[in-house]
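Listed below, chain by chain, are the residues.
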Number of protein chains: 2
Amino acid sequence: MVRNHIRSKMIEPQCCDDGDEHETLPLPTLPPMPRERVPLQKSSICSRSYFMVVMVFFHVYIINVIVLLLYVHYNNGPGDALVTQKRDEASAGSNHHKPSESHQQPSYSGFQRDMYLPRLEGIRVGHVQKVSLVPDKVHEMRTLSLKPLLFEIPGFLSEEECRVVVQLAQLKGLMESQVMVPEGQEELTEQLNLSPDDIFNLLDLNQDGQLQLEEILTHSRVRDGIWLTPENLREIYAGLKADPDGNGLLSLEEFRSLDSNAFQRFLQQRGVKSSQLVRNSRHTWLYQGKGAHQVLRDLKKRVTRLTRLPSALVDLSEPLQVVRYEQGGHYHAHHDSGPVYPETACTHTRLAANTSTPFETSCRYITVLFYLNSVEGGGETAFPVADNRTYEEVSLIQNDVDLMDTRKNCDKSNLRVNPTKGTAVLWYNYLSDGQGWVGEQDEYSLHGGCVVTRGTKWVANNWINIDPDYQRQARYQQLVSQQGEEDAEDEGEQSQASPEQLHTADPHQEL
Amino acid sequence: MVRNHIRSKMIEPQCCDDGDEHETLPLPTLPPMPRERVPLQKSSICSRSYFMVVMVFFHVYIINVIVLLLYVHYNNGPGDALVTQKRDEASAGSNHHKPSESHQQPSYSGFQRDMYLPRLEGIRVGHVQKVSLVPDKVHEMRTLSLKPLLFEIPGFLSEEECRVVVQLAQLKGLMESQVMVPEGQEELTEQLNLSPDDIFNLLDLNQDGQLQLEEILTHSRVRDGIWLTPENLREIYAGLKADPDGNGLLSLEEFRSLDSNAFQRFLQQRGVKSSQLVRNSRHTWLYQGKGAHQVLRDLKKRVTRLTRLPSALVDLSEPLQVVRYEQGGHYHAHHDSGPVYPETACTHTRLAANTSTPFETSCRYITVLFYLNSVEGGGETAFPVADNRTYEEVSLIQNDVDLMDTRKNCDKSNLRVNPTKGTAVLWYNYLSDGQGWVGEQDEYSLHGGCVVTRGTKWVANNWINIDPDYQRQARYQQLVSQQGEEDAEDEGEQSQASPEQLHTADPHQEL
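Residues numbered from 1 in each chain as written. Chains lettered and ligands numbered in written order. Predicted model: local features only at pLDDT ≥ 70, side-chain atom pairs only at ≥ 80, totals over all residues. Heavy atoms only, no water.

(A) Examining the nonpolar core more closely. Counting 45 residues, the largest nonpolar core has Phe 156, Phe 370 and Leu 372 of chain B as its most contacted members. Residue contributions to this core peak at six residues, all from helix α6 (residues 159–172) of chain B. When sequence neighbours within four positions are dropped, the list of residues in contact with Phe 156 of chain B reads Leu 133, His 139, Glu 161, Leu 299, Arg 302, Val 303, Leu 306, Phe 370, Gly 422 and Ala 424 of chain B. Val 164, Val 314, Leu 426 and Tyr 470 of chain A belong to the second-largest nonpolar core, a separate cluster that totals 44 residues. (Core = buried A, V, L, I, M, F, W, Y, C linked by side-chain atoms within 4.5 Å. Buried < 20%, exposed > 50% of the residue type's maximum accessible area, 1.4 Å probe, protein only. Helix = DSSP H or I, 4+ residues; strand = E, 2+ residues; numbered from the N terminus. Contact = heavy atoms within 4.5 Å.)

In structure tokens:
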């Protein structure tokens, strides 16, 4: 009873207290809110304050309808999507890869995600699906392999667009994709202060106490970018008298007797031809953001539609890489992006992550490769182990057949894509994590550019960089968008804005 | 100016004309809708009709809020799904396989679908995902292969459940899965009135004018269910003196000289052992619907959660098949369901489809296989070509090694699953069509039961039947649900309901 009494007392004087409203419009005391079947008191309805209540209801109602309409609109997904990130996320959410959390993964992921990455469906090798990327044209997308998930889209670029991209790259100028023998390696080894036994141990990948040819080859390819063949290595052994018993294996004793930098010095003396490098091409980078050539921006938009990813992710990825292979050019088989362990950082989120990690990789979730011309001879893109039943790194070099060698063994690759002007190929370098985000590296995405036997080969790469660590990616995007806002302000006003200017610039503060 | 004049004239007399409202509530003339900053006219606000307007607004507002809340509720999906079909469809829609129609397939499908089939994600061989199928337990689901999409779920059934299912099957009694040599084949051939040349042509699959051993074998396995080996066939040739030149090939002339039913008669004389049949087991069927044993119904519910399919689809599928293999039992490699061409009907929708088609198959989209005991020796489930890079039917029998022979060559299968009590394996016999429905047959789903070398093997099969023709499946479900309603009425009232009874039975007609 006491309580009720207090409540009714509180309601009466406060019935029209609407916060700010109260200060600007001091109203007379009002009766309790009218309800149906309550005998009407004409006098109480006939008041200005009652009119205010009506107006508040009316406005709340209108706002409500607008909210409902907006909610329905954003949930059903608009017809032409991929304009703002919010829309993308909404459509991605209703897409392939949002896990049905009620059935599965009841509480295994420790945090809430509001971004899901749709993944294209491969169905089966040879499957063709129609995709709508530009107005008035339907593209066909053919599945080339499931491991990696790989598609080919003929006519992705028009003849004219290919011409413009090549021209823009030429205007900007191309640089060697790989320099010859990197210098300063000797100093590095000295700094690390490793004994020959330590180095032997590091090189001996399978820890069998002997150095196989493959172990030396793998090391020289990764460290020096020099593509030695088993024959090259036997030559070097012979030149250095490194393998007296001639069994092709280096024992710890044989290794000890070698000078620590004998290999490098031997190579430098002998000279390394560009055909003996991992990569023999020239390339440049073309920015695709605001102010870039319309063709480049259109291309980015089309890639966004093709991948069905939130446009923010595509926007924050690497620029377009344009590559030229002369006759004799090649790129031996490699992964566009490395494996990701807990202690691996992504290049693009490294600063935002604000941690020092021992390993780093480019985190290229997707590669979209464009052929800018039809090559006269050779220059195919080879996927040596596409759709193989198993992937074993050691079995890539067997019986002196090195499947990664695109100058020699492209014909032994499981899959080769012919370079045809305007065609795009898209593949995923990472698997799904099963919860709508980037998972493990897809080792089957190993690929290379076969040697160009006649003519020149022009290609371009669009990589979509996504951190497999969702939180790091989210933090990065937040940071960049804040930076972007600040930049936009700086750009628009070209001077530090005064507090008053900032105030009037915000439309929400006008009322 | 004229326009503005007309508008203001229209607004004034119609300010409160709300359609129907006007007829039921003849109100006195009202002033124009009050707007802010318009000088208030006290007299016009002081009216009963104005109060009515307020109340209408108030109620519409409340209804609006309720609608908004309901909409949000049903769009986010309820926590415990899989109770009604509608819910399933909603959750399936937000799941993996709803194609984002705004991006892709702009108008290629000729009709609107309101059912989408989610498909589990395999990610990669060896990937383990946690699934919540029963309260208080989390199951682990391991990907065994991607072609076919195949999973293993240990502990899907408890020891007790395995025991109950075996006992129920024994109570019902098991029958031979395959009878010996089917009779009446001679009459059929006579009725068809085919010449030896016609038959030769039908048997000559590769149309090279000769009958290879493989062509005869394939035929005898499909038609007679007799699993002849190449050696068996050579024996038969020798016994019938069918291949005088002894090259293992039958020419048209050699074939002509044979009596039309020489093979069958030879086999019948010699006798066929059960080990020479395609399938050597006994089985029975257990109904899982209303009134069935709780264990069987629980099992169905769990399968529904595992597959994440609408429960209506699971409910309308085949009963549970329980199979017993004695020592020496086997099932040679086969597909659980055949390829689907436009002229192929599904067994389960055939009546509803109301068309006569030349071919028919069981349309088993998914197989869920349960191991009801741990077999002492042998009895593995073999997938000869799982995750093979390519599938070629002819290469299944090469150099006298027949990969489909589960009595001889299980060790050469790409994948073998050990039968472990309580474990379930699930695989898809069909691919996705890329638009959230059943697509082509997955040929890689070829599998068989390896010979049981020691003990007895008990398994059970749950098949989910879905017609790859969406319209036929939808028609079938509609038809069956109507039938179901009628049955339910018959059951509940045990007599024909009078029109009045029907009337009151429908809650929507009470008002």
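(B) Inspection of the state of the cysteines at higher detail. Tallying each qualifying case throughout the model produces four disulfides over all chains. The side chain of Cys 346 of chain B participates in a disulfide bridge whose partner is Cys 363 of chain B; the two sulfur atoms lie 1.9 Å from each other. Disulfide Cys 346 of chain B-Cys 363 of chain B: the torsion about the S-S bond is -80°, which places it as left-handed. A residue pair is termed long-range when its members are at least 10 positions apart, and Cys 346 of chain B in strand β11 (residues 344–346) and Cys 363 of chain B in the loop between β12 (359–361) and β13 (364–371) qualify at 17 residues. Cys 363 of chain B shares its class with Cys 346 of chain B; the two are buried. Covalent S-S linkage joins Cys 410 of chain B and Cys 450 of chain B, the inter-sulfur distance amounting to 1.9 Å. Here Cys 410 of chain B and Cys 450 of chain B share a disulfide; its torsion about the S-S bond, -95°, makes the bridge left-handed. Taken together, the residues Cys 410 of chain B in the loop between β17 (401–402) and β18 (415–417) and Cys 450 of chain B in the loop between β22 (447–449) and β23 (452–454) connect sequence positions 40 residues apart. Looking at Cys 410 of chain B, the relative accessible area reads 10%, which means it is buried. For Cys 162 of chain A, which is in no disulfide, the shortest distance to another cysteine sulfur is to Cys 450 of chain A and amounts to 20 Å. We classify Cys 162 of chain A as buried; its relative accessible area is 1%. (Disulfide = S-S within 2.5 Å.)

(C) Region of interest: a nonpolar patch on the surface. All names here are of chain A. Among the surface-exposed residues, Ile 62, Ile 66 and Leu 70 lie close enough to one another that they form a single nonpolar patch of about 250 Å² accessible area. Checked against the element boundaries, Ile 66 lands in helix α4 (residues 48–76). The exposure class of Ile 66 is partly exposed, given its relative accessible area of 46%. (Patch = residues over 30% accessible without salt bridge, like charges linked within 9 Å, V, L, I, M, F, W, Y side chains within 5 Å. Areas by Shrake-Rupley, 256 points an atom, 1.4 Å probe, with all protein chains shown as cover. Salt bridge = Lys/Arg side-chain N within 4 Å of Asp/Glu carboxyl O.)

(D) Broad picture of the confidence of the model for chain A. All names here are of chain A. When pLDDT is averaged along chain A, the result is 78, and 74% of the positions lie at 70 or above. Low pLDDT (under 50) marks residues 1–43, which in the prediction has 21 contacts with non-local residues, meaning those over four places away or in another chain. The low-confidence segment residues 76–111 (pLDDT under 50) makes 99 contacts with residues lying over four places distant or belonging to another chain. (pLDDT = per-residue confidence, 0-100.)

(E) How the structure looks around the sheet that holds strand β10 (residues 330–334) of chain A. Spatial strand order, β7-β10-β22-β15-β18 (chain A): five strands in an open sheet with antiparallel pairing. Edge positions in the sheet fall to β7 (279–280) and β18 (415–417) of chain A, since each has one partner strand and no second. (Pairing = 2+ DSSP bridges.)

(F) Summary view of the packing of α6 of chain B against helix α13 (residues 294–307) of chain B. Residues and elements named next belong to chain B. Contact geometry of α6 with α13 gives a least axis separation of 10 Å together with a crossing angle of 120°. In this structure, α6 meets α13 at a crossing whose hand is left-handed. Between α6, through Glu 161, Val 164, Val 165 and Leu 168, and α13, the contact on the second element is made entirely by Val 295, Leu 296, Leu 299 and Arg 302. (Axes fitted to C-alpha atoms, helices over the stretch in contact; angles between N-to-C directions. Left-handed = near helix turned anticlockwise from the far one by under 90°.)

(G) Region of the structure containing the side chain of His 330 of chain B. Residues and elements named next belong to chain B. With respect to the helices and strands, His 330 occurs in strand β10 (residues 330–334). Look at His 330 and you get buried, because its relative accessible area is 0%. A polar contact is formed between the side chain of His 330 and the side chain of Arg 407, at a distance of 2.7 Å. Those residues in contact with His 330 that lie beyond four places of it in its chain are Ser 274, Ser 275, Leu 277, Val 278, Arg 279, Asn 280, Tyr 325, Thr 406, Arg 407, Gly 449, Cys 450 and Val 451. (Polar contact = N/O pair within 3.5 Å; in protein donor to acceptor, adjacent residues only side chain to side chain.)

(H) Region of the structure containing unusual backbone geometry. Each neighbour pair has its own omega, and for Lys 147 of chain A with Pro 148 of chain A the value is 0°, a cis peptide bond. Secondary-structure assignment places Pro 148 of chain A in the loop between β2 (137–145) and β3 (150–153). Positive phi, normally seen in glycine, also occurs at Asp 387 of chain A, with a value near 60°. With respect to the helices and strands, Asp 387 of chain A occurs in the loop between β15 (381–383) and β16 (397–398). In the Ramachandran plot, Cys 363 of chain B falls in the positive-phi region, its phi being about 50° despite a non-glycine side chain. A relative accessible area of 0% places Cys 363 of chain B in the buried class.

(I) Summary view of the pattern of salt bridges. The final tally for this structure, using the stated rule, is 32 salt bridges over all chains. Between Arg 350 of chain A and Glu 360 of chain A there is a salt bridge, and its shortest N-O distance comes to 2.0 Å. With Arg 350 of chain A in helix α15 (residues 350–353) and Glu 360 of chain A in strand β12 (residues 359–361), the pair connects residues that are ten residues apart, well separated along the chain. Lys 130 of chain B is the partner of Glu 140 of chain B in a salt bridge, and the nearest nitrogen-oxygen pair spans 3.1 Å. Note that Glu 140 of chain B is positioned in strand β2 (residues 137–145) and Lys 130 of chain B in strand β1 (residues 128–134), a separation of ten residues in sequence. Judged by relative accessible area, which is 40%, Glu 140 of chain B ranks as partly exposed.

(J) Focus on the pairing of strand β9 (residues 320–325) of chain B. Residue and element names in this part refer to chain B. The element β9 is largely enclosed, with a buried count of six among its six residues. Across five bridges, the pairing between strand β8 (residues 282–286) and β9 is antiparallel. Looking at β9, one finds that Leu 286 is bridged to Leu 320. Bridge analysis of β9 against strand β24 (residues 457–465) gives five bridges, and the strand direction is antiparallel.

(K) How the structure looks around the packing of aromatic side chains. Residues and elements named next belong to chain A. In total, this model carries 14 aromatic pairs over all chains according to the counting rule given. Here Tyr 391 and Tyr 444 contribute two aromatic rings whose centre-to-centre distance is 5.8 Å and whose plane-to-plane angle is 65°, an arrangement assigned as edge-to-face. Of this pair, Tyr 391 sits in the loop between β15 and β16 while Tyr 444 sits in the loop between β21 (438–441) and β22 (447–449); the two residues are 53 residues apart in sequence, bridging distant segments of the chain. As far as the burial class goes, Tyr 391 and Tyr 444 line up, both buried. Ring geometry for Trp 437 versus Tyr 470: centroids 4.7 Å apart, planes at 75°, classification edge-to-face. Here the residue Trp 437 occupies a position in the loop between β20 (430–432) and β21, and Tyr 470 occupies one in helix α16 (residues 470–493), the gap between them amounting to 33 residues. Grouping residues by exposure puts Trp 437 and Tyr 470 together as buried. (Phe/Tyr/Trp six-rings, centres within 6.5 Å; stacked < 30°, edge-to-face > 60°.)

(L) Examining helix α12 (residues 262–270) of chain A more closely. Residues and elements named next belong to chain A. Taken together, the buried positions of α12 are occupied by Ala 262, Phe 263, Gln 264, Phe 266 and Leu 267. The inward-facing, buried residues of α12 abut α9 (213–224) and α10 (230–240). One or two steps after α12, the chain reaches Gly 271, where phi turns positive at roughly 85°.

(M) Structural detail: the environment of Trp 427 of chain B. Residue and element names in this part refer to chain B. Looking at the secondary structure, you find Trp 427 in strand β19 (residues 424–428). According to the relative accessible area criterion, Trp 427 is buried, its value standing at 1%. Put simply, Trp 427 and Leu 150 are 277 residues apart on the chain and 4.3 Å apart in space, counted from C-alpha to C-alpha. Setting aside anything within four residues of it in sequence, one finds Trp 427 in contact with Leu 149, Leu 150, Asp 336, Tyr 365, Ile 366, Thr 367, Leu 369, Phe 383, Ser 445 and His 447. Within the structure, Trp 427 has its side chain in polar contact with the side chain of Asn 429 (distance 2.9 Å).

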